[in-house]
Each structure stands twice: as C-alpha cells, then as structure tokens.
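# A look at the structure
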Amino acid sequence: MTTPILAASRRTRRTPFSARVEAAGVKGYTVYNHMLLATSFRSVEEDYWHLKRHVQVWDVGCERQVEIVGSDAARLVQSMTPRDLSKAQIGQCLYAPLIDEAALMINDPVILKLAPDRFWLSIADTDVELWAKGLAYAGKLQARITEPDVWPLAVQGPKADDLMARVLGDKVASIGYFRFATLAFKRHPLIVARTGWSRQGGFEIYLDDWALGEKLWDALMDAGDDLDVGPGCPNLIERIESGLLSFGNDVTRANNPLEAGLERFCHLNRAVDCMGRRALEEIAAKGPARRVRGIRFNAQAVPGCVLPWPVKAKRKPIGHVTSAAFSPQLKCGIAFALLDRDHWEAGLAVTIETPEGPRPGTVADLPLIPPGR
C-alpha cells in the first residue's frame, strides 16, 4: 500500500524556521492557516515526555497575526468577541472567542494589545483577516486590517525560563502570565509573551525580521545543550491531558463558545457591544444543548481520530469524540467528546465506537490532568 504524500506548494507557505525544522528531522506535518505545522519529530509519545521534562523550540509561524490599527480599532475588535476588552492594558494578552451573528465561533485567538489603537490577533486556523475586513467595511469603521510579516517561535517546557534568559536576558523572568514585553535579540526589538499552546510553561517570540529566523533558532539550540533542548511542536497527548481545545477539531464553526466551556470569556453581564450577543444570551438562558467534555477509556493504543467516533450510553448515541490519544501518564485512552446535555456529568459510563472496536470509558472533567500534576 502506497503512503500518500502532502504536496507542498506556494499555497503552503514556509516560515523563517522551515529549513531548521526540516534539518531537525520532522516526521509529520499538518496544514494550518495555509502553512505547514509540524506534528512530530521523534514520535508523539517521545515528544510528549521530552516536553514535560525539558524544553522545546516550536515553529508556530502558522499562528498568523491579524493587525488592526486605527481610531476604530478597539471598537472593531470588541465587536468580534463577547469578552470585555474595555479594561485591557497595553502589554496584555487576552484569550478571546470570536463569534458571528448567530454566536457561532469564528476563531479563538490570543489578542495582544500593542497600543490603544493597535492590536494583534494571534489566530487559530481560519481566515480572520477577511472577516475583520468585512466587518470594518460594513460598519464604516476607521481601521486598517493587515497580516504583518510576524512569525511566532514558541519555547515550551519546564526549562523554558532558563533557556530564554540565556538568549534574551534576565528580564524574561519579569514577564507575567499572558503578558508581553519587548526584548532585544542581536539589537533587534522583539515582542515576547508568556504564552503557548501547552501547560508546561513557556513563551512565544514574535519574530518580525525574516533574516533573523535561523539565527534565533540556532541561538536557542546552542544555548540549551545542557538543558536537553530539542525541536518540538504542539503535542496531541499533552493538549488533551491539559484540556486545550483545537479550533477546527474539537470546536468548529458549528459550535458556540458555551459548548466549548468558554463561559468565563463571555461577559454577558457587562456592557459589551458584540456581534452575536443577543443570540449568545438566548443560548445562555436555555443552557447549551451539548458541551465538550473529557473521556477516559480502556485502551493500550489509540488510532488517529480522523472522523468523529460515536459515543453511546446504554446503547443510546449521546455525542462523538473529536480528538483522542493514549496517555502514558494516565495509562489509558483519553479524548475530547462533544456530549449531549443530559449525558455530560463526570463519572457517566459510556462506550466509544473506535475504528478498532468499542471501548468502555467514563466522562471526566477537564483538564484530565490538573495543573501542577
């Protein structure tokens, strides 16, 4: 049987770090925002243990930035999300679901407030730039929307602070959680945020000079030899354990933020002028009909979840699995599942219809492994 290949072209854009990713022995890719994103280097499980014990450098240039600048920039950004941004500070990063007129999710970026009239939306996998342009045009708002040449590089893992200090200086220690600062690399100022798509701690460096890409990668690798630094990427096992949902997999355009468990980012008790607010209020009043939950299930190995796997309780369909993996720490299969309202309580016995046959399991709270464990 011939293994299919992914044919890269100009539609799958490269990053300043692509050559280094390839030289590091990347073994798999996915496509994210029309770009290649690594999925493994050693193996998913080996990468998992390395991330939890050491430090990794991730090319996440596919986290495109949508820059919104102008006198109506703050108004436009607020109109896209039910999270109240009125008290956001310069230097702050804010996770924020974006919704449409029906309160269905458009994206779930991290918003960086660079100035009172300038924002970066560090987006997941949808074309937010086009959505923002349409809203600005329809609302006759004074805002310029562009995709700047900014390429995030993540440093993740328990030794991330040590590595970053060696390359960017001791000031990295003063960057608060979900805050950013401007630090110099080879006398070039770079925005550095204490963020990242893992629960192991770390940073994202927003590179805005392509020519510095390989130099920055090499500097991190050279400085971290005794820290066992290595290449890495968002890890399927670690993110499911940590309760980190993937837009496009666990949450899609068919979901609202309450189904994704994002109530704390939906400030319906405040004067937030947001598209879709009325629709979201109606959903909140009734309660979501379904919700993303965790499941632990019996398995020694877990196949890839390309298509949704049915979930049943007492032979009755109650939802479907969206992502799944084997957890080396929990010694069982773990999954995200979108479950019906009457069947999402923790401890409920369920059956997952995997491609390799039915597997018994139980519904569990997220995160499956609480922070600190």
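Everything discussed here concerns the structure shown above.
First, a word on scope: everything that follows refers to the structure included in this document. (Residues numbered from 1 in each chain as written. Predicted model: local features only at pLDDT ≥ 70, side-chain atom pairs only at ≥ 80, totals over all residues. Heavy atoms only, no water.)

The next thing to look at is the side chain of Gln 65. For Gln 65, the location among the structural elements is in strand 4 (residues 65–69). Classification of Gln 65 as buried rests on a relative accessible area of 0%. There is a polar contact of 2.7 Å between the side chain of Gln 65 and the backbone oxygen of Glu 63. Excluding its chain neighbours within four sequence positions, the residues that come into contact with Gln 65 are Trp 120, Leu 121, Ser 122, Thr 146, Glu 147, Pro 148, Val 150, Pro 152 and Tyr 206. (Helix = DSSP H or I, 4+ residues; strand = E, 2+ residues; numbered from the N terminus. Buried < 20%, exposed > 50% of the residue type's maximum accessible area, 1.4 Å probe, protein only. Polar contact = N/O pair within 3.5 Å; in protein donor to acceptor, adjacent residues only side chain to side chain. Contact = heavy atoms within 4.5 Å.)

Below, the discussion takes up the nonpolar core. Ranked by internal contacts, the top residues of the largest apolar core, which has 70 residues, are Val 155, Met 164, Leu 168, Val 192, Ile 205 and Leu 220. If you tally residues by element for this core, the top one is helix 5 (residues 160–168), at five residues. Not counting residues within four places of it along the chain, the set of residues in contact with Leu 168 comprises Leu 183, Ala 184, Phe 185, Val 192 and Ile 205. Within the second largest apolar cluster, 23 residues are counted, among which are Val 66, Ala 88, Ala 96 and Ile 106. (Core = buried A, V, L, I, M, F, W, Y, C linked by side-chain atoms within 4.5 Å.)

Tallied over the full model, the rule gives five aromatic pairs. Ring geometry for Tyr 48 against Trp 49: centres 5.0 Å apart, planes inclined by 70°, an arrangement best described as edge-to-face. Since its relative accessible area comes to 26%, Trp 49 is described here as partly exposed. It is Arg 64 that lies over the ring of Trp 151; its NZ or CZ is 4.2 Å from the centre. Arg 291 extends its terminal NZ or CZ atom over the ring of Trp 344, reaching a point 5.0 Å from the ring centre. (Phe/Tyr/Trp six-rings, centres within 6.5 Å; stacked < 30°, edge-to-face > 60°. Lys NZ or Arg CZ within 6 Å of the ring centre and 35° of its normal.)

What follows is about the sheet that holds strand 13 (residues 188–193). Overall, mixed pairing links the six strands, which are arranged 12-13-14-11-3-15 in an open sheet. Of all the strands in the sheet, the pair left with one neighbour each is strand 12 (180–185) and strand 15 (229–232). Neighbour to neighbour, the strand axes of the sheet diverge by 30° on average, direction disregarded. In this sheet, strand 15 lies alongside strand 3 (residues 55–59) in parallel orientation, the contact comprising four bridges. Looking at the pairing, Trp 58 lines up with Gly 232 of strand 15. Docked against the sheet, helix 6 (residues 213–223) engages strand 3, strand 11 (151–156), strand 12, strand 14 (202–207) and strand 15, running at close to 135° with respect to strand 15. (Pairing = 2+ DSSP bridges. Axes fitted to C-alpha atoms, helices over the stretch in contact; angles between N-to-C directions.)

With respect to the secondary-structure elements, Thr 195 resides in the loop between strand 13 and strand 14. Overall, Thr 195 belongs to the buried group, its relative accessible area being 6%. Setting aside chain neighbours within four positions, we find Thr 195 in contact with Cys 93, Gln 156, Phe 178, Gly 202, Phe 203, Glu 204 and Tyr 206.

Among the surface-exposed residues, Leu 6, Tyr 29 and Val 31 lie close enough to one another that they form a single nonpolar patch of about 250 Å² accessible area. In this fold, Val 31 is placed in strand 1 (residues 28–32). Judged by its relative accessible area of 36%, Val 31 is partly exposed. (Patch = residues over 30% accessible without salt bridge, like charges linked within 9 Å, V, L, I, M, F, W, Y side chains within 5 Å. Areas by Shrake-Rupley, 256 points an atom, 1.4 Å probe, with all protein chains shown as cover. Salt bridge = Lys/Arg side-chain N within 4 Å of Asp/Glu carboxyl O.)

Our next topic: the pattern of salt bridges. According to the stated counting rule, one finds 17 salt bridges in the structure shown. Close ionic contact of Arg 270 with Asp 84 constitutes a salt bridge, the shortest N to O distance being 3.4 Å. Here Arg 270, found in the loop between helix 7 (236–242) and helix 8 (277–286), pairs with Asp 84, found in the loop between helix 3 (73–80) and strand 5 (93–95); they are 186 residues apart in sequence, far enough to count as distant. The salt bridge involving Arg 253 is made with Asp 100; its shortest N-O contact spans 3.2 Å. With a gap of 153 residues between them, Arg 253 in the loop between helix 7 and helix 8 and Asp 100 in the loop between strand 6 (98–99) and strand 7 (105–107) connect regions that are remote in the sequence. The exposure class assigned to Arg 253 is partly exposed, which follows from its relative accessible area of 38%.

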